[in-house]
Amino acid sequence: MTAPSQPLLEIAGLKVQFGQTKAVRGIDLSVMPGEAVAVLGESGSGKSVTGKAIMGLINRPGRVEGTVAFEGRNLVGRSERDLAAIRGPGIAMVFQDSLDALNPVYSVGNQIMEILTVRLGWDRGRAREEAIRLMEQVGIKEAETRLGDYPHQFSGGMRQRICIAMAIALKPRLLIADEPTTALDVTVQAGILRLINALRQESGMALLFVTHDLAVARQVATSLVVMYAGRVVERGKIDEIFARPSHPYTRALLASNPGAVAHWSQLQPIAGNPPDKATKVTGCAFAPRCPRAEPRCRAEAPELRDVMPGRQSRCHFAEEVAHV
Amino acid sequence: MSDRGRTKVLEVDRLTKHFGQAKALDDISFDIAEGEILAVVGESGSGKSTLARTILGLLDATAGEVRYRGTNLLTLDRRRMRQTRQHIQMIFQDPYASLHPRRRVHELVSEPWRVHRGVVERPQWRSRVAELLDQVGLPQSYADYYPARLSGGERQRVAIARALALAPDFLILDEPVSALDVSIQAQVIKLLMTLQLQFGFTAMFISHDLALVRLIASRVIVMYRGQIVESGDTRAIFEAPAHDYTRLLLSSSPSLEGPSAVESR
Amino acid sequence: MAISDLAVTRPARSSGRIGETLAQLSRSPLAFISAIVLVALVLVAVIGAPLLRDFANTQNLRLRFFPPFSLEHGWGYVLGADALGRSILAQLIVGARTSFLVAGATVAVASITGMTIGMVSGYFGGIVDAVLMRISDIIVTVPSLLLALAVLFVLEPSVVNLVLVLAIARLPVYLRVSRAQTLELRERVFVESSRALGTSDAAIIWRDIRPLVVPTVMTVAMLELASVMLAAAGLSFLGVGLQRPDVDWGTLVSEGREYLTRAWWATVFPGTAILITALSANLLSNWMRANADPLQAAAMEPTSSREEAARS
Ligand SMILES: Nc1ncnc2c1ncn2[C@@H]1O[C@H](COP(=O)(O)OP(=O)(O)OP(=O)(O)O)[C@@H](O)[C@H]1O
Ligand SMILES: Nc1ncnc2c1ncn2[C@@H]1O[C@H](COP(=O)(O)OP(=O)(O)OP(=O)(O)O)[C@@H](O)[C@H]1O
Ligand code: SF4
Ligand SMILES: [Mg+2]
Ligand SMILES: [Mg+2]
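Note that the coordinates shown come from a computational prediction; the quantities given were computed from them, not determined experimentally.

## Some thoughts on the overall build of chain A
Piece 1. Scanning chain A for helices and strands turns up twelve helices and twelve strands.
Piece 2. Taken over C-alpha atoms, the radius of gyration comes to 20 Å for chain A, in line with the 20 Å a tight globule of 324 residues would show.
Piece 3. A principal-axis box enclosing the C-alpha atoms of chain A has dimensions of 65 × 50 × 40 Å.
Piece 4. Among the 324 residues that make up chain A, the fraction classed as buried is 60%.
Piece 5. Sequence separation of at least 24 residues holds for 63% of the intrachain contacts in chain A that already meet a minimum separation of 6.
Piece 6. Averaged over its 39 positive side-chain charges, chain A has a centre that lies 3 Å from the centre of its 33 negative ones.

Structure follows, in structure tokens:
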């Protein structure tokens, strides 16, 4: 890990708060140009909010603190105009709720073409061809005839693919994909993951892939960031983490994977609930659910620290956890 | 086939649904025995959600019959259909769209009792909602939140609480956990299965997560372009898939073992 | 570390509460002033009109064309007097009541009826919908003023008739808006989820769809308030509107017009009153639209602004 180049995206101390709700409590992560990073974490751990904060899409009364540096320039606090110039060709995002992101009153072809005509000033003929190409690229059959169809005429999975087509239309340098395949069946998911990998190889696009599916994370990314309660608890190379997790939460996450057991009764959900987002956490946020917790954990908050080469963990006993 | 001798809760007979020229459902027939969990798997657009909606009468079938405990649902009058719906509940695929944006969690979960009077009396609503939220692992404070404040997983748990509110006899689960992370998935699946053991409801479980299907369903039907291409015992199908599409499905499932896609290129 | 409020197009959470709406209102000076103007006018109309009704119709030929801005004959004549020596100020206040009554009642009748028909029509679709939409098309093609003119020419021009005629003429606006939105909302999964629960159609329209249609209709109604006031004024102006002793601002303008060269104030003051009201209502309506509850907005326009912003 001695990449000399500057990170494409570097987030430091990112905090997002909605009133009393601390959605993100301090995130540090970086994405190198062309790198693929997966963000893994429990529902409500702040993954989507992180993605939106990077895009500058947190609206009042949400408050953003910390820095989000894209190509060396901090985006936090920038004007809507500056951000708009970066969104699209700089950073594009496929939203988790993108099933609802398509306008029902315009045909999908129109919606894809509009991006090209408005942002690139293309004429409609050229935009149309590109729209067809994009739709084919994301695996929609007979794209030309389906161009005039409206969103409701597509199944959930197809609509999601159209959203991906729209996100990559402007060839972004960083694609943030917020659980883009959760609504898709495995064959299409495999196709989309292959597509994203291919796009990355062609264009050198970097990827921040938000997911809660460990197996999917492994399909697209080489690095992994595990989030818990609005913070990064572990990060490093994905295969190394899966082979030897150094945080009890990562370990529990791996154990609750349905692929790992033979009957539903053997599933091991992580007991309890994540901490209330309105309260201040003292000590380790995972302590109430951690099988390894000791008194020290409740008193003293662990820092994210290097525990082995290329690996950071936010646990007092990371070394021991890794060696179980 | 292990469950064949038991009472049929649902019998779907030559069900067909066309959207204009497109055949979303083409001559579908299957049945579900009491207490059974039948999984429906298939690619995006193969008609799984259409099947669920047609069974519930949310879409008008082009042809065929759907019998729930012997009565054909498709010919019921409005009033009888509404009564029957007390016993059949559905959890929708997309938790971002299935909850009314202007209703608090408490109202969403108690809504079924407003529609079907007499199931739970109004004074008990608060405490029953509290119980249901607890069962699906949500803190009490969420009762006063609007869905916009909840994450995807939290919303889906609200939808599950709402579906369980009427203690249904037959539950259609349209990819209920695909929006949830694995640890909550495990929790919700365990919850659903424990409730299933407890109340013995019958379920149709639509999913594309084969790992999950393998864990909970006794039988599977595999859909492809509006048709059933394979059906049978879960284990049998997983061990010896007969149809090409089923094989593709099995091989596409991402797994934690073996080389990862990124590394292998 | 600086906490920065990012640029916002919409606040991120539901207001719902009146207090919060007021707080938001105070952040937009124009809308705030508009609201104050409208409230003040309504208060004046409600409180002042009953007291001044007789005075407004008192003729005093000695004060014919008494010019404005003079306190010689007391505050009552500060805005001058008309051809029959009636106080302009008093007539304005009495007229305000009628104008607001007519406009308010028209908008209320038209919006409630239009919204109800629109939601039912949009939700059920089919033949009823087709027929209703044709009727509405016909109403739209006939200019509302012309329609009102024709009907009022035949009927007695009373407040009730005026309201009914104007309401029918303005109905299609609400009908269309609410129908279009219902058409979209009824496809939403939460509506489907209610149907799956066994909720009756009436309950779905009332409980699921109505709350999401009302804010839009309110915004439109605000705009309409101004145009109805102008339409009523137009009818009075053409002489088929109200007759004395019912007087509204339109009547005042039309009566004063005859003497425009001798006494501009008899026309200009009521005209200005109409203008100010229309302007305030317009500004407020614009603010309402821009400030629409985001939950609402999210439910209304699936391509929510942030995603558009992200792409365009
Ligand atoms: N606009 C908002 N107002 C208030 N709270 C919010 C808002 N958006 C998100 N939150 C809160 O922030 C927390 C993190 O939400 P987020 O959507 O980032 O979770 P997530 O990690 O993406 O979960 P999931 O996997 O379920 O999508 C949630 O608990 C949510 O309640
Ligand atoms: N209202 C509609 N009008 C026209 N075609 C439709 C409509 N609803 C669904 N379809 C079509 O029917 C087919 C089946 O769609 P359906 O939503 O049932 O798929 P699905 O198996 O649930 O997919 P997914 O896994 O993506 O949810 C698709 O080709 C879709 O385009
Ligand atoms: S610090 Fe303690 S409580 Fe926290 S994860 Fe490590 S062992 Fe568990
Ligand atoms: Mg999310
Ligand atoms: Mg579906």
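## A word on the overall build of chain C
Piece 1. On a plain count of helices and strands, chain C comes out with twelve helices and zero strands.
Piece 2. Each helix (α) and strand (β) of chain C, taken in turn from the N terminus, gives the series α-α-α-α-α-α-α-α-α-α-α-α.
Piece 3. Evaluated residue by residue, chain C yields a buried proportion of 50% over its 312 residues.
Piece 4. Here the contacts in chain C between residues at least 6 apart in sequence split such that 73% fall between residues at least 24 apart.
Piece 5. About 14400 Å² of surface is accessible on chain C, with carbon and sulfur atoms providing 69% of the total.

## Details of the packing of aromatic side chains
Residues and elements named next belong to chain B.
Piece 1. Summed over all chains, the structure comprises ten aromatic pairs over all chains.
Piece 2. Plain terms: the ring middles of Trp-113 and Trp-125 are 6.1 Å apart, the flat faces sit at 45° to each other, and that makes the pair tilted. Here the residue Trp-113 occupies a position in helix H3 (residues 105-115), and Trp-125 occupies one in helix H4 (residues 125-135), the gap between them amounting to twelve residues. The same class applies to Trp-113 as to Trp-125, namely buried.

## Notes on the site of ligand 3
Piece 1. Taken together, His247(A), Pro248(A), Cys284(A), Ala287(A), Cys290(A), Arg292(A), Ala293(A), Cys297(A), Pro302(A), Cys315(A), His316(A) and Phe317(A) make up the full set of residues near ligand 3.
Piece 2. A class-by-class count of the residues in the shell around ligand 3 yields nine nonpolar, two polar and one charged.

## Brief notes about the environment of Val229(B)
Residue and element names in this part refer to chain B.
Piece 1. One can find Val-229 in strand S10 (residues 227-233).
Piece 2. Exposure remark for Val-229: the relative accessible area of 24% places this residue in the partly exposed category.
Piece 3. For Val-229 and Arg-214, which are 15 residues apart along the polypeptide, the C-alpha to C-alpha distance reads 18 Å.
Piece 4. Apart from the residues within four sequence positions on either side, Val-229 is in contact with Val-222, Tyr-224 and His-243.

## With respect to the sheet that holds strand S1 (residues 8-19) of chain B
All names here are of chain B.
Piece 1. Spatially, S2-S1-S4-S5 is the arrangement adopted by the four strands of the open sheet, whose pairing is antiparallel. Each edge of the open sheet carries a strand with a single partner, namely strand S2 (22-33) and strand S5 (71-72).
Piece 2. Where strand S4 (residues 63-68) lies against S5, two bridges are found, and the strand directions are antiparallel. Opposite Tyr-68, over in S5, you have Thr-71 as the bridge partner.

## Side note on a nonpolar patch on the surface
All names here are of chain C.
Piece 1. Together, Val-39, Val-42, Leu-43, Val-46, Ile-47 and Leu-51 line one region of the surface with nonpolar side chains, adding up to about 580 Å² of accessible area.
Piece 2. By the element assignment, Leu-51 lies in helix H2 (residues 29-56).
Piece 3. Residue class for Leu-51 comes out exposed when judged on its relative accessible area of 69%.

## Some thoughts on the packing of helix H3 (residues 88-124) of chain C against helix H10 (residues 265-290) of chain C
All names here are of chain C.
Piece 1. Viewed as axis vectors pointing N to C, H3 and H10 meet at an angle of 35°, and their least axial separation amounts to 11 Å. Both H3 and H10 take part in a crossing whose hand is right-handed. The residues of H10 that touch H3, namely those facing Ile-88, Leu-92 and Phe-100, are Trp-265, Ala-266, Phe-269, Pro-270, Ala-273 and Thr-277.

## Digging into helix H1 (residues 48-55) of chain B
Residues and elements named next belong to chain B.
Piece 1. Burial analysis of H1 places seven of its eight residues in the buried class, the great majority of the element.
Piece 2. For H1, the set of buried residues is Lys-48, Ser-49, Thr-50, Leu-51, Ala-52, Thr-54 and Ile-55.
Piece 3. Among the residues trailing H1, Gly-57 stands out with phi positive, at a value near 75°.

## Section: the site of ligand 2
Piece 1. Taken together, 18 residues form the shell around ligand 2, and within it Ser44(B), Gly45(B), Ser49(B), Thr50(B) and Gln93(B) come nearest.
Piece 2. More than one chain approaches ligand 2, the contributing ones being chains A and B.
Piece 3. A distance of 2.7 Å separates an oxygen atom of ligand 2 from a polar side-chain atom of Ser49(B).
Piece 4. Its free accessible area being 630 Å², ligand 2 has 82% of it covered by the protein chains.
Piece 5. Elements that contribute at least two residues to the shell around ligand 2 include exactly helix H6 (156-168) of chain A together with H1 of chain B.
Piece 6. Among the elements that take part in the shell around ligand 2, H1(B) stands out by supplying three residues, more than any other.

## Considerations on the pairing of strand S7 (residues 170-174) of chain B
Residues and elements named next belong to chain B.
Piece 1. Counting buried positions along S7 gives five out of five residues, so the element sits mostly inside the fold.
Piece 2. In S7, alternate side chains face the same way, and those of Phe-170, Ile-172 and Asp-174 on one face and Leu-171 and Leu-173 on the other are all buried.
Piece 3. The sheet contact formed by strand S6 (residues 88-91) and S7 spans four bridges and is parallel. By the bridge assignment for S7, Ile-91 is matched with Leu-173.

## As for the UniProt feature "transmembrane region" (unreviewed entry) in chain C
Residues and elements named next belong to chain C.
Piece 1. UniProt's feature table lists "transmembrane region" (unreviewed entry) at residues 30-53, 100-124, 131-153, 217-243 and 263-284, given in the numbering used throughout.
Piece 2. The annotated region residues 100-124 carries 100% helix and 0% strand content, and the separation between its end C-alpha atoms amounts to 35 Å.
Piece 3. With 91% helix and 0% strand, residues 263-284 has end C-alpha atoms that lie 33 Å from one another.

## As for the sheet that holds S10(B)
All names here are of chain B.
Piece 1. Pairing in this open sheet of six strands is mixed, and the strands run S6-S7-S8-S3-S9-S10 from one edge to the other. With one partner strand each, in any of the chains shown, S6 and S10 form the two edges of the open sheet. Here the average twist between neighbouring strands, direction ignored, is 15°.
Piece 2. Taken together, the five bridges between S7 and strand S8 (residues 202-206) define a ladder with parallel strand orientation. Following the sheet pairing, Leu-173 is matched in S8 by Phe-205.
Piece 3. Packed onto the sheet, helix H9 (residues 244-252) meets strand S3 (37-42), strand S9 (219-224) and S10 and runs at close to 105° relative to S9.

## A closer look at the interface of chain B and chain A
Piece 1. At the interface, 54 residues of chain B touch 55 residues of chain A.
Piece 2. Here chain B meets chain A over a buried area of about 4300 Å², counting both sides, of which 57% is carbon and sulfur.
Piece 3. The interface formed by chain B and chain A includes three residue pairs in polar contact (both at pLDDT 80 or more).
Piece 4. For the side of chain B that touches chain A, the secondary structure elements donating two or more residues are helix H5 (152-164), helix H6 (182-199), helix H7 (210-216) and H9 of chain B.
Piece 5. Top element by residues in the side of chain B that touches chain A is H6(B). It accounts for eleven residues.
Piece 6. Split into classes, the residues belonging to the side of chain B that touches chain A amount to 23 nonpolar, 18 polar and 13 charged.

## Observations concerning helix H7 (residues 186-203) of chain A
Residue and element names in this part refer to chain A.
Piece 1. The end-to-end C-alpha separation of H7 is 25 Å, in line with the 26 Å expected for 18 residues at 1.5 Å each.
Piece 2. Residues Val-186, Thr-187, Val-188, Gln-189, Ala-190, Ile-192, Leu-193, Leu-195, Ile-196, Asn-197, Leu-199 and Arg-200 constitute the buried set of H7.
Piece 3. Backbone geometry just after H7 places Gly-204 at a positive phi near 70°.

## Let's talk about unusual backbone geometry
Piece 1. Positive phi is not limited to glycine here, since Glu71(A) has a value of about 50°.
Piece 2. The residue Glu71(A) is located in the loop between strand S4 (62-70) and strand S5 (73-74) in this model.
Piece 3. Although it is not a glycine, Glu175(B) adopts a positive phi angle of roughly 45°.
Piece 4. Note on placement: Glu175(B) falls in the loop between S7 and H6.

## So, the side chain of Asp149(A)
Piece 1. Position of Asp149(A) among the secondary structure elements: in the loop between helix H5 (143-146) and H6.
Piece 2. The contacts of Asp149(A), once residues within four sequence positions are left out, are Ser107(A), Val108(A) and Phe154(A).

## With respect to the pattern of salt bridges
Any two side chains of opposite charge can pair, on the condition that their charged atoms come close.
Piece 1. Enumeration according to the criterion identifies 36 salt bridges over all chains in this entry.
Piece 2. Of the charged contacts in the structure, one is a salt bridge between Arg311(A) and Glu234(A), with a shortest N-O distance of 2.6 Å. With Arg311(A) in strand S12 (residues 311-313) and Glu234(A) in strand S10 (residues 231-237), this pair connects stretches of sequence that are 77 residues apart. Just as Arg311(A) is buried, Glu234(A) falls in that class too.
Piece 3. A salt bridge links Glu300(A) to Arg296(A), with the shortest nitrogen-to-oxygen separation between them at 3.3 Å.
Piece 4. Judged by its relative accessible area of 39%, Glu300(A) is partly exposed.
Piece 5. One salt-bridge network, held together by shared partners, links Arg103(B), Glu111(B), Arg114(B), Arg207(C) and Asp208(C).

Analysis parameters
- Residues numbered from 1 in each chain as written.
- Chains lettered and ligands numbered in written order.
- Predicted model: local features only at pLDDT ≥ 70, side-chain atom pairs only at ≥ 80, totals over all residues.
- Heavy atoms only, no water.
- Helix = DSSP H or I, 4+ residues; strand = E, 2+ residues; numbered from the N terminus.
- Rg over C-alpha atoms; globule rule 2.2 N^0.38 Å.
- Buried < 20%, exposed > 50% of the residue type's maximum accessible area, 1.4 Å probe, protein only.
- Contact = heavy atoms within 4.5 Å.
- Lys, Arg positive; Asp, Glu negative; His and termini not counted.
- Charge placed at Lys NZ, Arg CZ, Asp CG, Glu CD.
- Areas by Shrake-Rupley, 256 points an atom, 1.4 Å probe, with all protein chains shown as cover.
- Phe/Tyr/Trp six-rings, centres within 6.5 Å; stacked < 30°, edge-to-face > 60°.
- Near = heavy atom within 4 Å.
- Nonpolar A, V, L, I, M, F, W, Y, C, P; charged D, E, K, R; others polar.
- Pairing = 2+ DSSP bridges.
- Patch = residues over 30% accessible without salt bridge, like charges linked within 9 Å, V, L, I, M, F, W, Y side chains within 5 Å.
- Salt bridge = Lys/Arg side-chain N within 4 Å of Asp/Glu carboxyl O.
- Axes fitted to C-alpha atoms, helices over the stretch in contact; angles between N-to-C directions.
- Left-handed = near helix turned anticlockwise from the far one by under 90°.
- Polar contact = N/O pair within 3.5 Å; in protein donor to acceptor, adjacent residues only side chain to side chain.
- UniProt positions renumbered as here; feature names shortened; annotations may be inferred.
- Buried area = accessible area lost by both parts, 1.4 Å probe.
- Expected span 1.5 Å × (residues − 1).

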